[in-house]
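Now for the letters of each chain:
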Amino acid sequence: MQKKVLIIYTGGTIGMVETEDGYATKSGYLHKVLGRMSELFHSGMPHWELIEFERICDSSNISISDWSAMAHTIRDNYDKFDGFVILHGTDTMAYTASALSFMLEGLGKPVILTGAQIPIGQARSDARDNLISSVIIAGEGRVPEVCVYFGKKLLRGNRSTKVSADEMEAFSSPNFPPLATSAIDIRYIDSLIRPAGNMLEVVDFAEDMPIAVLKIFPGIQFKMFENIMTENLKALVIEAFGVGNIPQYDAELLPLIRKAADNGTIIVVCTQCLRGKVQLGTYETSSALKKAGAVSGGDMTVEAAVTKLRYLFAKRCSPGRIKSLMEKDLRGELSE
Ligand code: ASP
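Here we summarise the structure given alongside this text.

Criteria and cut-off values
- Residues numbered from 1 in each chain as written.
- Predicted model: local features only at pLDDT ≥ 70, side-chain atom pairs only at ≥ 80, totals over all residues.
- Heavy atoms only, no water.
- Helix = DSSP H or I, 4+ residues; strand = E, 2+ residues; numbered from the N terminus.
- Rg over C-alpha atoms; globule rule 2.2 N^0.38 Å.
- Buried < 20%, exposed > 50% of the residue type's maximum accessible area, 1.4 Å probe, protein only.
- Contact = heavy atoms within 4.5 Å.
- Areas by Shrake-Rupley, 256 points an atom, 1.4 Å probe, with all protein chains shown as cover.
- Lys, Arg positive; Asp, Glu negative; His and termini not counted.
- Charge placed at Lys NZ, Arg CZ, Asp CG, Glu CD.
- Near = heavy atom within 4 Å.
- Polar contact = N/O pair within 3.5 Å; in protein donor to acceptor, adjacent residues only side chain to side chain.
- Axes fitted to C-alpha atoms, helices over the stretch in contact; angles between N-to-C directions.
- Left-handed = near helix turned anticlockwise from the far one by under 90°.
- Nonpolar A, V, L, I, M, F, W, Y, C, P; charged D, E, K, R; others polar.
- Phe/Tyr/Trp six-rings, centres within 6.5 Å; stacked < 30°, edge-to-face > 60°.
- Lys NZ or Arg CZ within 6 Å of the ring centre and 35° of its normal.
- Pairing = 2+ DSSP bridges.
- Core = buried A, V, L, I, M, F, W, Y, C linked by side-chain atoms within 4.5 Å.
- Expected span 1.5 Å × (residues − 1).
- Salt bridge = Lys/Arg side-chain N within 4 Å of Asp/Glu carboxyl O.

### Considerations on the overall build of the protein chain
Consideration 1: When helices and strands are counted, the protein chain shows eight helices and 18 strands.
Consideration 2: The C-alpha radius of gyration computed for the protein chain amounts to 21 Å, which stays within 12% of the reference 20 Å derived for 336 residues, consistent with globular compactness.
Consideration 3: Counting only C-alpha atoms and orienting by the principal axes, one finds that the protein chain spans roughly 65 × 50 × 35 Å.
Consideration 4: Here the protein chain holds 336 residues, and the buried ones make up 54% of them.
Consideration 5: Once local pairs closer than 6 in sequence are excluded, the contacts in the protein chain between residues at least 24 apart make up 72%.
Consideration 6: Here the protein chain has roughly 15100 Å² of accessible surface; of this, 49% comes from carbon and sulfur atoms.
Consideration 7: Of the charged side chains in the protein chain, 36 are positive and 40 negative; the average position of the first set lies 4 Å away from that of the second.

Structure below.
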């Protein structure tokens, strides 16, 4: 029987047109273009349907409610389709992919996010391959995970990150190999693919969730951050140097972090490096973070760490449990 794929169009360059103010989304436009793409109606292709969101946006504008809309659209159509493709802007695609990997609990079908660096209406657009291959992968159903397909690679969504602003291979998953690559055929690496869940449930994230990300740099004056590190701050992701190091010259940081930890703020340390993992305590410059109550984000991307925190808050876990689960692999986002 012909497989069925639901394409969910949320916005992004893929369906944008040129305007006086630069590229912008245009309602109804993508639907017309897809209707004229003969490849999408080839006999080997799955049957597809398109849902266009009422508010299609540049993904810089993506919000928590958009993530909920995506997750609920998948749940509401779950039994009718074999897989799902989400067309999305590239700027925040890795955040959305990470968020959905946590929100779609018990997922048993492919959810493939894709987009393009060049709009579909332009001659050199990368949209065609990204879209057609994503629809095929979603229909084949061999990867029951939230993934990003881009530039001939299928990546685990919560391992992905945007690494190039202007190349066609815009995404990478630096700490995890691609789940599949696209050559003459699509080559899946079955041993890397997670098993399918058997009952889908959506975990909605709260919109109001004060989380901050603090990138460390030489010369940083920690006093500047005192005002945000109050008891209202639920979590702080520190993007530290190397394996989790921070400067020691500034006597203000550790009392601040200690105070934040005492306030109940969860402190997670990720690395600024593209590859490798945080190992608190390897150096003197990270031992203090550990002593102050911070936990290691291991080899998680910041996108995964931020959305995992939202997920654990949504599950109403206690601070102690959140700390321990941040160091555990839940959806393939972390190498333990
Ligand atoms: N600004 C665009 C977006 O994220 C970029 C893109 O789609 O490539 O929506």
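Next, the rest of the story.
### A short note on the site of the ligand
Consideration 1: Surveying the vicinity of the ligand reveals the residues Gly12, Thr13, Asp58, Ser59, Gly89, Thr90, Asp91, Ala116 and Gln117.
Consideration 2: Within the contact set of the ligand, an oxygen atom lies 2.5 Å away from a side-chain nitrogen or oxygen of Ser59.
Consideration 3: Thr90 is positioned with one of its side-chain polar atoms (N or O) 2.5 Å from an oxygen atom of the ligand.
Consideration 4: Surface burial for the ligand is 90%, taken as the share of its 260 Å² of free accessible area covered by protein chains.

### Section: the packing of helix 3 (residues 93-103) against helix 7 (residues 302-314)
Consideration 1: It is at 9 Å that the axes of helix 3 and helix 7 come closest, and there the two elements cross at 35°. The handedness of the crossing between helix 3 and helix 7 comes out as right-handed. Judged by residue contacts, Ala94, Tyr95, Ser98, Ala99 and Phe102 of helix 3 engage Glu303, Ala304, Thr307, Lys308 and Tyr311 from helix 7.
Consideration 2: Tallied by class, residues from the contact of helix 3 with helix 7 come to six nonpolar, two polar and two charged.

### Notes on the packing of aromatic side chains
Consideration 1: Using the criterion set out here, one finds six aromatic pairs in the structure.
Consideration 2: One aromatic cluster is present, built from ring pairs that chain together Tyr78, Phe81 and Phe84.
Consideration 3: A cation over a ring is seen here: Lys4 above Phe81, with NZ or CZ 5.6 Å from the ring centre.
Consideration 4: We note Lys109 situated over the ring of Tyr78; from NZ or CZ to the ring centre the distance is 4.7 Å.

### Some words on the sheet that holds strand 17 (residues 266-271)
Consideration 1: Read across the open sheet, the four strands follow the order 15-16-17-18; overall the sheet is parallel. Both edges of this open sheet fall to strand 15 (211-215) and strand 18 (295-296), since each of them pairs with a single strand only.
Consideration 2: The pairing of strand 16 (residues 235-240) with strand 17 spans six bridges and is parallel. The residue bridging Ala235 from the neighbouring strand is Ile266, located in strand 17.

### Focus: unusual backbone geometry
Consideration 1: Despite not being glycine, Lys152 has its phi angle at roughly 75°, a positive value.
Consideration 2: Looking at where Lys152 falls in the secondary structure, it is placed in the loop between strand 8 (146-150) and strand 9 (153-156).
Consideration 3: In the Ramachandran plot, Arg316 falls in the positive-phi region, its phi being about 60° despite a non-glycine side chain.

### Observations regarding the nonpolar core
Consideration 1: Leu34 and Leu104 are the most contacted members of the largest nonpolar core, which totals 91 residues.
Consideration 2: With eight residues, helix 7 is the largest single contributor of residues to this core.
Consideration 3: The residues touching Leu34, leaving out its near neighbours within four places in the chain, are Ile7, Leu40, Phe41, Trp48, Leu50, Ile120 and Leu131.
Consideration 4: Residues Ala240, Ala260, Ile267 and Val269 belong to the second largest nonpolar core, which totals 22 residues.

### Some remarks on helix 2 (residues 64-76)
Consideration 1: Relative to the 18 Å expected for 13 residues at 1.5 Å per residue, helix 2 spans 18 Å between its end C-alpha atoms, a close match to the ideal helical length.
Consideration 2: Every buried residue of helix 2 is listed here: Ile64, Asp66, Trp67, Ser68, Met70, Ala71, Thr73 and Ile74.

### Brief notes about the pattern of salt bridges
Any two side chains of opposite charge can pair, on the condition that their charged atoms come close.
Consideration 1: Counted under the stated rule, the structure contains 14 salt bridges.
Consideration 2: Across the pair Glu105 and Arg331 runs a salt bridge, and its minimum N-O distance is 3.1 Å. Of this pair, Glu105 sits in strand 6 (residues 104-105) while Arg331 sits in the segment after helix 8 (319-326), and the two are 226 residues apart along the sequence.
Consideration 3: Here Glu105 falls in the buried class, since its relative accessible area comes to 17%.
Consideration 4: Residue Lys308 is joined to Glu333 by a salt bridge in which the shortest nitrogen-to-oxygen separation is 2.7 Å. Of the two residues, Lys308 sits in helix 7 while Glu333 sits in the segment after helix 8, which places them 25 residues apart along the sequence. Summarising the burial analysis for this pair, Lys308 and Glu333 share the class buried.
Consideration 5: Taken together, the salt bridges that share partners define one network made up of Glu105, Lys315 and Arg331.

That is the geometry; function is a separate question.
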